[in-house]
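For reference, the chains in residue letters:
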Amino acid sequence: KWDLRVQVSPDGLCWCDLEIEPIVLDSVGLFTIGATNFGQWLRIKGTPMSDESMLRSIIYLALKE
């Protein structure tokens, strides 16, 4: 299992969690995260929920103005 959180930053140095629910990846599949009004810096932080977890992913970003 993995815990995924969207994080934002005003400068790319200091980060905080965006105020949306985190995604828990507990199976193979397709997952989506919707984020709006985040400024210019955005990242996804993944945290394993066990020591033996491994994550392989492909991330697609659809950024629209």
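Everything below is about the structure printed above this text.
Residues numbered from 1 in each chain as written. Predicted model: local features only at pLDDT ≥ 70, side-chain atom pairs only at ≥ 80, totals over all residues. Heavy atoms only, no water.

J.: Sorry if this is basic, but what is going on with the pairing of strand β1 (residues 2-9) here?
T.: Within a regular strand, side chains alternate between the sheet's two faces. Of all eight residues in β1, seven are buried, a share of seventy percent or more. Pairing of β1 with strand β3 (residues 23-25) involves three bridges; the strand directions are antiparallel. Residue pairing across strands places leucine 4 opposite isoleucine 23, the latter belonging to β3. Two elements, β1 and strand β4 (residues 41-48), share eight bridges in a ladder whose sense is antiparallel. In the strand pairing of β4, valine 8 is matched with leucine 42. Between β1 and strand β2 (residues 16-17), which follow one another and run antiparallel, lie six residues, and glycine 12 among them has a positive phi close to 80 degrees. (Buried < 20%, exposed > 50% of the residue type's maximum accessible area, 1.4 Å probe, protein only. Helix = DSSP H or I, 4+ residues; strand = E, 2+ residues; numbered from the N terminus. Pairing = 2+ DSSP bridges.)

J.: Help me understand a nonpolar patch on the surface, please; the structure alone is not making it clear to me.
T.: Among the surface-exposed residues, Ile20, Ile33, Leu42, Ile44, Ile59, Leu61 and Leu63 lie close enough to one another that they form a single nonpolar patch of about 610 Å² accessible area. Mapping isoleucine 20 onto the fold places it in the loop between β2 and β3. Of the residues examined, isoleucine 20 reaches a relative accessible area of 31% and is grouped as partly exposed. (Patch = residues over 30% accessible without salt bridge, like charges linked within 9 Å, V, L, I, M, F, W, Y side chains within 5 Å. Areas by Shrake-Rupley, 256 points an atom, 1.4 Å probe, with all protein chains shown as cover. Salt bridge = Lys/Arg side-chain N within 4 Å of Asp/Glu carboxyl O.)

J.: How should the environment of tryptophan 41 be read in this particular structure?
T.: With respect to the element layout, tryptophan 41 can be found in strand β4. Look at tryptophan 41 and you get partly exposed, because its relative accessible area is 40%. Along the primary structure tryptophan 41 and isoleucine 59 are separated by 18 residues, whereas in three dimensions their C-alpha atoms are 16 Å apart. With residues up to four places along the chain from it excluded, the contact list for tryptophan 41 reads Gln7, Val8, Ser9, Pro10, Asp11, Gly12 and Trp15. (Contact = heavy atoms within 4.5 Å.)

J.: I'm lost on the pattern of salt bridges in this one. Help?
T.: A pair can form between side chains of opposite charge whenever their charged atoms are brought close. For the structure on display, the rule yields two salt bridges. Put simply, arginine 5 and aspartate 3 hold a salt bridge, and the shortest N to O gap is 2.9 Å. Across the pair aspartate 17 and arginine 5 runs a salt bridge, and its minimum N-O distance is 3.9 Å. Highlighted residues: aspartate 17 in strand β2 and arginine 5 in strand β1, separated in sequence by twelve residues. Residue class for aspartate 17 comes out partly exposed when judged on its relative accessible area of 36%. Judged by relative accessible area, which is 32%, arginine 5 ranks as partly exposed. Salt bridges sharing common partners tie together Asp3, Arg5 and Asp17.

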